[in-house]
Amino acid sequence: MESSTEQARNVMQSPRSPSSQPYLSASVTDPVKLGNGVQAYISYRVITKTNLPEYQGPEKIVIRRYSDFVWLRDRLFEKYKGVFVPPLPEKSAVEKFRFSAEFIEMRRAALDIFVNRIASHPELQQSEDLRTFLQADEETMERFRFQETGIFNKKPADFMQMFRDVQSKVSDAVLGKEKPVEETTPEYEKLKHYIFELENHLAEAQKHAYRLVKRHRELGQSLLDFGKAVKLLGACEGEPTGKLFSDLGTKSELVSIKLQKEAQQVLMNFEEPLKDYVRYVQSIKATIAERATAFKQHCELAETTKLKEINLDKLMLTRSDKVGEAEIEYREMKAESEEATIRFERIVKRMNEEIVRFQEQKTEEMGVAFHQFAKGQARLANGIADAWRALLPKLEAASSA
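On a predicted model such as this, the values are computed, not experimentally measured, just so you know.

A. View of unusual backbone geometry. Even without a glycine there, the phi angle at Asp 30 is positive, about 50°. With respect to the element layout, Asp 30 can be found in strand β1 (residues 24–34). Phi is positive for Arg 319, close to 55°, though the residue is something other than glycine. If you trace the backbone, Arg 319 turns up in the loop between α8 (241–317) and α9 (323–400). Residue classification places Arg 319 among the exposed positions, given a relative accessible area of 78%.

Printed below as a string of structure tokens:
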């Protein structure tokens with residue numbers, strides 16, 4: 001049976017093409033704990049396979065840690081405005097869970113999906129930073145992490161801070177502190193509404209998936225405890241009652257194992273994909289915030305350029321000796337305004353393409369997750385029914401006797 005990571009990769013990428021066709025894939029494997037105390041961290045092997053000529057060879061293996069993935073995410077977010085940069089798994093807020101086997105495996109799987117989404121993205125896969133991440137040795141990678149300035153040296157950069165800043169400015173506008181400069185096209189409003197609604201529904205579904213995992217685990221533990229208790233009870237009884245109690249206890253333990261196993265499957269193949277898409281939507285909201293900032297700059301520079309043009313016309317009419325200086329300022333401002341307009345239009349174009357790509361990807365990946373969930377629930381129900389059904393003849397015989 002495929003792991004959740006393999007299933008996600010198969011969804012995000014087409015099957016391996018013949019060697020004549022370009023391909024790029026990566027695997028995040030072998031998590032290892034290094035260091036002690038607060039300095040402890042997990043390292044991962046990242047194995048890249050490709051036939052792209054800009055790479056050093058068909059296969060490359062490097063060692064990376066979580067902060068390296070953060071570096072890559074931040075670089076892409078800064079350089080590819082308007083692109084929905086895939087999200088990273090969050091850090092564990094609870095210290096005692098940081099190095100639990102379950103948390104480490106969930107993070108490894110999420111990092112694997114993160115890298116392969118980038119590798120399969122038509123623009124991001126061409127990134128020089130991606131090539132650095134996939135090929136540079138550890139010392140070089142560390143040097144890249146620490147030599148950057150601005151957004152790149154935050155630990156980790158808070159994607160949503162920019163969005164909160166925009167929300168704060170909107171609140172100021174409502175209170176009369178600031179006049180809002182906002183894009184109000186129907187397409188943009190529709191996009192924002194869709195993303196906000198999607199986040200709410202995904203979060204709600206993920207919350208109930210978490211409860212389902214918890215319920216499976218609790219019921220499994222209860223049946224395990226019940227099975228042990230019934231076996232002890234059977235040990236106090238003679239035949240055939242003692243044997244019957246022992247069989248009942250064994251079946252309870254068997255059903256417990258099935259529940260615990262299915263709880264893990266639901267966690268990895270259903271709850272985690274839902275949680276991943278909650279993070280993805282938050283990343284998209286950060287891109288929306290970038291678009292809002294770009295639109296504001298575009299409007300403000302256009303307005304300033306217009307004012308400088310009016311001022312220049314006045315000076316020319318009065319034949320002022322400041323005409324030359326004003327003309328230089330106008331030309332510089334006009335060039336800056338045109339650049340801001342181009343930046344904004346590029347973000348809009350990218351986002352229009354990205355939302356289509358995101359919806360197609362979401363439909364496919366969520367389809368896989370829901371299919372796996374339904375199959376797992378059917379398998380669990382059948383397994384539990386078969387286990388109890390096998391015990392019924394013995395119980396019925398004992399009742400008749």
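B. Representation of the confidence of the model for the chain within the structure. On average, residues of the chain carry a pLDDT of 87, and 85% of them reach 70 or more. The least confident element of the chain, judged by mean pLDDT, is helix α1 (residues 4–12) at 47; the most confident is helix α4 (residues 128–135) at 96. This stretch, residues 7–18, has a pLDDT under 50; its non-local contacts, to residues over four places away or in other chains, come to 26 contacts. Low pLDDT (under 50) marks residues 149–157, which in the prediction has 14 contacts with non-local residues, meaning those over four places away or in another chain.

C. A look at the pattern of salt bridges. Scanning the entire structure with this criterion turns up 29 salt bridges. Between Arg 145 and Asp 68 there is a salt bridge, with the nearest N and O atoms lying 2.4 Å from each other. In this pair, Arg 145 is assigned in helix α5 (residues 138–147) and Asp 68 in helix α2 (residues 66–79), connecting sequence segments 77 residues apart. Take Arg 145 and Asp 68: they sit in the same class, and that class is buried. Members of the salt-bridge network, linked through shared partners, are Glu 90, Arg 117, Asp 276, Arg 279 and Glu 365.

D. Molecular detail of the pairing of β1. In the sheet, β1 pairs with strand β2 (residues 41–50) via 9 bridges, with the strands oriented antiparallel. Bridging across to β2, Val 32 finds its partner in Ser 43. Here β1 folds back onto β2 in antiparallel fashion, the turn holding 6 residues, of which Gly 35 has a positive phi close to 80°.

E. How the structure looks around α2. Spanning 14 residues, α2 covers 20 Å between terminal C-alpha atoms, matching the ideal 20 Å at 1.5 Å per step. Of all the 14 residues making up α2, 11 are buried; the element is thus mostly covered by neighbouring parts of the structure.

F. Representation of the packing of aromatic side chains in the model. Considering all chains together, one arrives at 11 aromatic pairs under this definition. Between Tyr 44 and Phe 69 the ring centres are 6.2 Å apart and the planes differ by 90°, which places this aromatic pair in the edge-to-face class. Highlighted residues: Tyr 44 in strand β2 and Phe 69 in helix α2, separated in sequence by 25 residues. Ring-pair connections join several aromatic residues into one group, and the members of that group are Tyr 44, Phe 69, Phe 114 and Phe 133.

The rules we used
- Residue positions are given per chain, counted from 1 along the sequence in the order it is written.
- Given that the model is predicted, a residue must reach a pLDDT of at least 70 before its local features are reported, and side-chain atom pairs must reach 80 or more before they are shown or counted; all residues, however, enter totals for whole chains, interfaces and linings.
- The side-chain values count all of the structure's non-hydrogen atoms but skip hydrogen atoms and water molecules.
- Numbering goes from the N terminus for both helices and strands, where a helix is a DSSP run of H or I of at least four residues and a strand is a run of E of at least two.
- Each residue gets one of three labels from its accessible area relative to the maximum for its type: buried under 20%, exposed over 50%, partly exposed in between, using a 1.4 Å probe on protein chains only.
- pLDDT runs from 0 to 100 and stands for how confident the predictor is about each residue.
- Working rule for contacts: check all heavy atoms of both residues, and any pair within 4.5 Å makes them a contact.
- Salt bridge, as used here, is a side-chain nitrogen of Lys or Arg placed within 4 Å of a carboxyl oxygen of Asp or Glu.
- Following DSSP output, two strands are said to pair if at least two bridges run between them.
- One fewer than the residue count of a helix, multiplied by 1.5 Å, yields its expected span.
- Here a pair means two rings of Phe, Tyr or Trp (six-membered ring of Trp) with centres within 6.5 Å. Their orientation is stacked below 30 degrees between planes, edge-to-face above 60, and tilted elsewhere.

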